[in-house]
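Architecture and fold: a report
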Amino acid sequence: QVQLVESGGGLVHPGGSLRLSCVNSGRIFGLYGMGWYRQAPGKQRELVASITNGGSTNYADSVKGRFTISRDSTKNTMLLQMNSLKPEDTAVYYCNKVPTGSDDPWGQGTQVTVSP
């Protein structure tokens, strides 16, 4: 049974916006919290935004000021608001706990493509 389901990706022009959603049906939480990861073509998966179990947020420098991570009151759904998108944001975006381990499952992700 899939426990992490990402949605909301799509094709946008540079400067555009998308809002990604993650349904955490398994109520999965990491030691630190939850986060959004992305894997761009030819690159390893990286953590771009996280939210702690206490609600604090943190961002990779590459997305700081443009992306906003949030979680609803039930902690079942996590969002990633992405503004001022750049071509280098093109990637498959995943949600998962933070940190992850080698045996942690990943969802299918949602494709974000930013193209002129």
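See above for the structure.
Everything numeric here is computed off the predicted structure, so don't read it as measured data. (Residues numbered from 1 in each chain as written. Predicted model: local features only at pLDDT ≥ 70, side-chain atom pairs only at ≥ 80, totals over all residues. Heavy atoms only, no water.)

**Digging into the pattern of salt bridges**
On inspection of all chains with the given rule, the structure shows 5 salt bridges. Measuring nitrogen to oxygen at the nearest pair gives 3.3 Å for the salt bridge that ties Asp61 to Lys64. The residues Asp61 and Lys64 share a single accessibility class, namely exposed. Here Arg66 ties to Asp89 by a salt bridge, and the two come within 2.7 Å at their closest N and O atoms. (Salt bridge = Lys/Arg side-chain N within 4 Å of Asp/Glu carboxyl O. Buried < 20%, exposed > 50% of the residue type's maximum accessible area, 1.4 Å probe, protein only.)

**Things to note about the sheet that holds strand 5 (residues 46–52)**
The 6 strands are arranged 2-10-9-4-5-6 in an open sheet whose pairing can be described as mixed. Pairing within the sheet leaves two strands with one partner each, and these edge strands are strand 2 (10–12) and strand 6 (57–59). Each neighbouring strand pair of the sheet contributes to a mean axis angle of 25 degrees, computed without reference to strand direction. With 3 bridges connecting them, strand 2 and strand 10 (residues 110–114) associate as parallel partners. When the sheet's bridge partners are listed, Val12 is paired in strand 10 with Val114. (Pairing = 2+ DSSP bridges. Helix = DSSP H or I, 4+ residues; strand = E, 2+ residues; numbered from the N terminus. Axes fitted to C-alpha atoms, helices over the stretch in contact; angles between N-to-C directions.)

**Examining the environment of Leu18**
With respect to the element layout, Leu18 can be found in strand 3 (residues 18–24). Sequence-wise, Leu18 and Asp61 are 43 residues apart; in three dimensions their C-alpha atoms are separated by 19 Å. What Leu18 contacts, discounting residues up to four positions off in sequence, is Gly8, Gly9, Gly10, Val12, Leu80, Gln81, Met82, Leu85 and Val112. (Contact = heavy atoms within 4.5 Å.)

**What about the environment of Pro116?**
Tracing the backbone shows Pro116 in the segment after strand 10. Setting aside chain neighbours within four positions, we find Pro116 in contact with His13 and Pro14.

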